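# A look at the structure
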Amino acid sequence: MDNVAWQKEKTEYLIDTFSRSKENKYENYIVNALYQRIGLPDLRPVAKAFVRSKNEVYHETSLYFPQVNISVKVLSEETPAEIKDETELSLEIFDCLSPDETRPDFEEYEFEADLGFAELTEKIDTLALIIKKAWNNIPSNRKTWEHAESAEEYYVSRDMVNSSDPVIFDNVEEACNILFNSQFEDKFTGFKYLKIDGNNEYSHTVWRPSIAVPEEETGNYITTFEGDEIKETLPIYEAKPKTEKDKLPRITFIKVTDPETKKEGYRFAGVYQWFSEYDAVVNRVNIYKRTKTSFPILEK
């Protein structure tokens, strides 16, 4: 993408970002005024983002700056709605797949409802200075706002797919066609068998588990992330009787929503292997654990 096209895309992004709060005039004024006061063209704002607050609770913010990890919340008389368990689970999965060791500590700043003009102006000016100072203290590699590559562009010169790759595929068929030189045209649910490494026999399964919060032990569900071992293996439970093909390695894609861009799609989560089986109250349950966080891309 040339610079003119990228600048146009960037402008359209900002217009869309700041139009998300247009129904709340007070909030809309604050977020627009704040961004103009900051005056950093490579600082990317995200409107209505879901972020993790200091007390480890996810909630929606008015404006968020991911590069400096600063959140701005304009309070109103309405109590913010709690995030549903499924949304929080998706965010936890996304965080687990996208570890960022260079991210600064999270900071959150609030604007009370109905501040007077003088007090509001002073608070906006003060926060703009805080954010500019935070910007000056972050590594240079975080001070970039680049055009987001498509999945095909991202992998054109790579030979491995990794669970930490910042790529969300529109669907699993697209992922397979880009990564494994498949020719899938129709959408599929659940899983497909693949022949890889020149084998005539099916050697792997492409798995698209539909992850849910476990209210009872039916369907596919994933554990909550407590402890390093669980974060590493990300166990997935599948409620169905085991067959021999269930023991094939599963190249797994999990549906997520990017908390910053709001893009929905599928992330490569790793290669899963059947681990064990146990009798649950409702059904027989298979346990799969992640054994690899990367997989070779097949040459076209």
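A short tour of the structure in this document, coming up.

Right, let's talk about the environment of Glu277 for a bit. Positionally, Glu277 belongs in strand S14 (residues 264-279). Overall, Glu277 belongs to the partly exposed group, its relative accessible area being 30%.

Structurally, Arg44 is set in the loop between helix H2 (25-38) and strand S1 (46-47). Residue Arg44 is classed as buried on the basis of its relative accessible area, which comes to 17%. Not counting residues up to four positions away in its chain, the partners in contact with Arg44 are Tyr13, Tyr64, Phe65, Pro66, Gln67, Trp145, Glu260 and Thr261.

Another point: the side chain of Ser62. Among the structural elements, Ser62 can be located in the loop between strand S3 (58-60) and strand S4 (63-65). Within the structure, the side chain of Ser62 is placed 2.9 Å from the backbone nitrogen of Val74, a separation counted as a polar contact. If sequence neighbours within four positions are ignored, Ser62 has contacts with Glu27, Val31, Val46, Ala47, Lys48, Val72, Lys73 and Val74.

One finds Leu34, Ile38, Leu43, Phe65, Val68, Phe111 and Ile131 to be the most contacted residues of the largest nonpolar core, which totals 28 residues. Secondary-structure elements contributing two or more residues to this core are helix H1 (3-19), H2, S4, strand S5 (70-74) and helix H4 (117-137). Val172, Phe180, Phe184 and Ile251 belong to the second-largest nonpolar core, a separate cluster that totals 22 residues.

Throughout the structure, instances matching the rule amount to nine aromatic pairs. With centroids separated by 6.0 Å and ring planes inclined at 10 degrees, the aromatic side chains of Tyr155 and Phe169 adopt a geometry described as stacked. Here Tyr155 is found in helix H5 (residues 151-155), whereas its partner Phe169 is found in the loop between strand S7 (160-162) and helix H6 (172-179), with 14 residues between them in sequence. In this pair, the class of Tyr155 matches that of Phe169, namely buried. Between the NZ or CZ atom of Arg158 and the centre of the ring of Tyr154, over which it lies, the distance is 3.7 Å. Between Lys289 and the ring centre of Phe275, over which it is positioned, the NZ or CZ distance is 4.1 Å.

This next bit is on the pattern of salt bridges. Opposite charge on two side chains lets them pair, provided their charged atoms get close. Counted under the stated rule, the structure contains five salt bridges. The residue Asp42 makes a salt bridge to Lys10 at a minimum N-O spacing of 3.4 Å. Note that Asp42 is positioned in the loop between H2 and S1 and Lys10 in helix H1, a separation of 32 residues in sequence. Exposure remark for Lys10: the relative accessible area of 10% places this residue in the buried category.

Along its 17 residues, H1 runs 24 Å from first to last C-alpha, staying within 8% of the 24 Å computed at 1.5 Å per residue. Where the residues of H1 are buried, they touch H2, S1 and S4.

Overall, mixed pairing links the four strands, which are arranged S1-S4-S5-S6 in an open sheet. Looking along the sheet, the strands with just one partner apiece sit at the ends: S1 and strand S6 (107-111). On the sheet, H4 packs against S4, S5 and S6 and is oriented at approximately 165 degrees with respect to S6.

Another point: unusual backbone geometry. Despite not being glycine, Asn69 shows a phi value in the positive range, around 60 degrees. Relative to the helices and strands, Asn69 is located in the loop between S4 and S5. Classification of Asn69 as buried rests on a relative accessible area of 6%. The phi angle at Asp114 is positive, at roughly 60 degrees, despite the residue not being glycine.

Rules used in this analysis
- Residues numbered from 1 in each chain as written.
- Predicted model: local features only at pLDDT ≥ 70, side-chain atom pairs only at ≥ 80, totals over all residues.
- Heavy atoms only, no water.
- Helix = DSSP H or I, 4+ residues; strand = E, 2+ residues; numbered from the N terminus.
- Buried < 20%, exposed > 50% of the residue type's maximum accessible area, 1.4 Å probe, protein only.
- Contact = heavy atoms within 4.5 Å.
- Polar contact = N/O pair within 3.5 Å; in protein donor to acceptor, adjacent residues only side chain to side chain.
- Core = buried A, V, L, I, M, F, W, Y, C linked by side-chain atoms within 4.5 Å.
- Phe/Tyr/Trp six-rings, centres within 6.5 Å; stacked < 30°, edge-to-face > 60°.
- Lys NZ or Arg CZ within 6 Å of the ring centre and 35° of its normal.
- Salt bridge = Lys/Arg side-chain N within 4 Å of Asp/Glu carboxyl O.
- Expected span 1.5 Å × (residues − 1).
- Pairing = 2+ DSSP bridges.
- Axes fitted to C-alpha atoms, helices over the stretch in contact; angles between N-to-C directions.

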